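The chain contents come next:
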Amino acid sequence: MVVDIDKMGCSMSTLLLALLITLTIVVLINLFGWKRNRDQTATIYRKLFGMICSAVISVMIIEYFSHSYLQSLQQRAVIEFSFDNLKSTIILPVILTLILFAGPLLSDIRDGLGGLYQWDNIHILVRNIFAAPIVEEILFRDLLIHLLIQCFTPSATVLIGSLLFSLSHLPHHFVDEDHFTTDIIRYQWPETLSHLTITFIFAAYASMLRLRTNSIISPIIVHSLCNYFAAPRFDELFSDKVLRIVTIVGAISFVISFIVFMVYA
């Protein structure tokens, strides 16, 4: 049975599809890593296999339920390598992200770019810098964003897509072997809330880039950079006067530059 989302009510049916796809992603990824330490090599590749399976099943779900999705393929995000698109899809997003992380970048330069080797396991590096950004961006910024934008405004699309992406990371705090305790609700909710907030902000940034550039390359590169720098350690950044100034100036400059990019680039 094929259901046309236009006849069911575009917004509601699309939202239900988005929820179903997100649930599929969360279940499959965590099924393969259930109660295992997420940084163990075997778990990394088990969860990567789950991500790939969820991508395949998500495409099948969309193709099964949504005619309008298939009929609007011309609006899909594309992998653009042409010189004309190089500036807006790669160069400017990279510059914007480096401005945002000006403080952590300076700190890393001081330490001899040691941040690249903050993971002593090469498999963790592959997951965080390459595998996770590619698969997650294809799932959330290509499939879901394209699905949502058919029935929602750009602002609502960014909001819904970012919320789903953020909530999909919630199981990280519950199902890993080193976190699976009943005390997490009592003792780790501030860390969980902070992580979900940062994840939501990143998702909104990546989603706006995706809609502005119509390229999946931009979010993938930005995702890799953000994973490299990780969540800013404000206690360390603000303990040094120079780093504190650079961090604040970088954040303000990023907001201004991003607005200019969204309007004029």
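Residues numbered from 1 in each chain as written. Predicted model: local features only at pLDDT ≥ 70, side-chain atom pairs only at ≥ 80, totals over all residues. Heavy atoms only, no water.

## Points about a nonpolar patch on the surface
- Judged by side-chain polarity, Phe 238, Ile 248, Ile 252, Val 255, Ile 256, Ile 259, Val 260, Val 263 and Tyr 264 come together as a nonpolar surface patch covering roughly 890 Å² of accessible area.
- With respect to the helices and strands, the residue Ile 248 is situated in helix α13 (residues 241-264).
- Of the residues examined, Ile 248 reaches a relative accessible area of 39% and is grouped as partly exposed. (Patch = residues over 30% accessible without salt bridge, like charges linked within 9 Å, V, L, I, M, F, W, Y side chains within 5 Å. Areas by Shrake-Rupley, 256 points an atom, 1.4 Å probe, with all protein chains shown as cover. Salt bridge = Lys/Arg side-chain N within 4 Å of Asp/Glu carboxyl O. Helix = DSSP H or I, 4+ residues; strand = E, 2+ residues; numbered from the N terminus. Buried < 20%, exposed > 50% of the residue type's maximum accessible area, 1.4 Å probe, protein only.)

## Some details on the confidence of the model for the chain
- On average, residues of the chain score 81 in pLDDT, and 78% of them reach the 70 mark or higher.
- Per-residue pLDDT, averaged within each element of the chain, yields its smallest value for helix α1 (residues 5-8) (50) and its largest for helix α8 (residues 154-168) (96). (pLDDT = per-residue confidence, 0-100.)

## Looking at the nonpolar core
- Membership of the largest hydrophobic core comes to 37 residues, with the highest contact counts inside it found for Ile 21, Leu 139, Leu 144, Tyr 205 and Phe 258.
- Listed by contribution, the elements that provide at least two residues to this core are α2 (10-31), α3 (41-65), α7 (122-149), α8, α10 (189-213), α11 (217-229) and α13.
- Among the elements that line this core, the one with the most residues is α7, at 9 residues.
- The residues contacting Tyr 205, other than those within four sequence positions of it, are Pro 93, Leu 96, Thr 97, Val 222, Phe 254 and Phe 258. (Core = buried A, V, L, I, M, F, W, Y, C linked by side-chain atoms within 4.5 Å. Contact = heavy atoms within 4.5 Å.)

## Notes on the packing of aromatic side chains
- Here the structure, examined in full by the defined rule, presents 8 aromatic pairs.
- Consider the rings of Tyr 228 and Phe 229, whose centres lie 4.7 Å apart with planes at 70 degrees: the pair is edge-to-face.
- Judged by relative accessible area, which is 12%, Phe 229 ranks as buried.
- Ring-pair connections join several aromatic residues into one group, and the members of that group are Phe 101, Tyr 228 and Phe 229. (Phe/Tyr/Trp six-rings, centres within 6.5 Å; stacked < 30°, edge-to-face > 60°.)

## Re unusual backbone geometry
- Phi at Asn 214 is positive, roughly 55 degrees, even though this residue is not glycine.
- On the secondary structure map, Asn 214 appears in the loop between α10 and α11.
- A relative accessible area of 28% places Asn 214 in the partly exposed class.

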